[in-house]
Amino acid sequence: NAGVTQTPKFRILKIGQSMTLQCTQDMNHNYMYWYRQDPGMGLKLIYYSVGAGITDKGEVPNGYNVSRSTTEDFPLRLELAAPSQTSVYFCASSLTGLEGYTFGSGTRLTVV
Amino acid sequence: DQQVKQNSPSLSVQEGRISILNCDYTNSMFDYFLWYKKYPAEGPTFLISISSIKDKNEDGRFTVFLNKSAKHLSLHIVPSQPGDSAVYFCAASGPRIKAAGNKLTFGGGTRVLVKP
């Protein structure tokens, strides 16, 4: 059972470039989330989804977009990378949202 | 405005002794609290949780205490083991409405080092 899989694990982007962080889960969870963790800080919610076709903004959505066309996949899109987006990004999922999340291992992104 | 705060960024404890991690929150709508453990280069893993209708929840060496009037919770690890060395995050959710996504708000984390 793979759980939550994130790709890539590491990426360096130049300012203004775009990329998609991939997240897929095989647990048939309805709820999926994207968080970012800045050095020495807690996790901040970027976007979340309560089911296929439904997404909503979290605490820090600016500069990001998401889609949820299937239950399994929840990609995060950065359109114009900025140094402020240098962070570690975590995807998480939950069956009902009423229990603890299952997190992926993270994507470390550096924007230079 | 940090709604969940962990005021101790680090904690060092001797193996076999008790580790006590603290967390404070400001949002009175929070009604579910969780602790996560995170090793370097890995995602956080769920450790233990507590509902606001309880004041204590125990799971093996881990116990979480909730003081609603003080808006404070703590995690006790007894006895501490070297493998417990990690960053611990406190998180809160509420009100727990499915349509609202039951989003978690995290504290900044406490790095625990258990010395052999």
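A. Structural view of the state of the cysteines. Residue and element names in this part refer to chain A. Summed over the entire model, instances satisfying the criterion amount to 2 disulfides over all chains. The disulfide partner of Cys23 is Cys91, and the gap between their sulfur atoms is 1.9 Å. On the sign convention where negative means left-handed, the S-S torsion of about -70° between Cys23 and Cys91 marks this disulfide as left-handed. With a gap of 68 residues between them, Cys23 in strand β3 (residues 19-25) and Cys91 in strand β9 (residues 87-94) connect regions that are remote in the sequence. Here Cys23 and Cys91 have matching classes, each one buried.

B. Spatial organisation of the environment of Val13(B). All names here are of chain B. Along the polypeptide, Val13 turns up in strand β2 (residues 10-14). Val13 gets classed as buried once you look at its relative accessible area, which sits at 9%. Sequence separation between Val13 and Leu113 is 100 residues; the distance between their C-alpha atoms is 6.3 Å. The contact partners of Val13, leaving out residues within four places of it in the chain, are Ile18, Ser19, Ser80, Leu113, Val114 and Lys115.

C. Inspection of the nonpolar core at higher detail. If you look at the biggest cluster of nonpolar residues, it comprises 23 residues, and the most contacted ones within it are Phe33(B), Trp35(B), Leu73(B), Leu75(B) and Tyr88(B). If you tally residues by element for this core, the top one is strand β9 (residues 86-93) of chain B, at 4 residues. Within the second largest apolar cluster, 20 residues are counted, among which are Tyr101(A), Phe103(A), Ala91(B) and Leu104(B).

D. Region of interest: the interface of chain B and chain A. Chain B puts 21 residues into the contact, and the matching count from chain A is 21 residues. Counting each side, the surface lost to burial between chain B and chain A is near 1600 Å², with a carbon and sulfur contribution of 60%. Linking chain B to chain A there are 0 salt bridges. Taken together, chain B and chain A are joined by 3 residue pairs in polar contact (both at pLDDT 80 or more). Of the residues that constitute the side of chain B that touches chain A, the class distribution is 11 nonpolar, 5 polar and 5 charged.

The rules behind these values
- Residues numbered from 1 in each chain as written.
- Chains lettered and ligands numbered in written order.
- Predicted model: local features only at pLDDT ≥ 70, side-chain atom pairs only at ≥ 80, totals over all residues.
- Heavy atoms only, no water.
- Disulfide = S-S within 2.5 Å.
- Helix = DSSP H or I, 4+ residues; strand = E, 2+ residues; numbered from the N terminus.
- Buried < 20%, exposed > 50% of the residue type's maximum accessible area, 1.4 Å probe, protein only.
- Contact = heavy atoms within 4.5 Å.
- Core = buried A, V, L, I, M, F, W, Y, C linked by side-chain atoms within 4.5 Å.
- Buried area = accessible area lost by both parts, 1.4 Å probe.
- Salt bridge = Lys/Arg side-chain N within 4 Å of Asp/Glu carboxyl O.
- Polar contact = N/O pair within 3.5 Å; in protein donor to acceptor, adjacent residues only side chain to side chain.
- Nonpolar A, V, L, I, M, F, W, Y, C, P; charged D, E, K, R; others polar.

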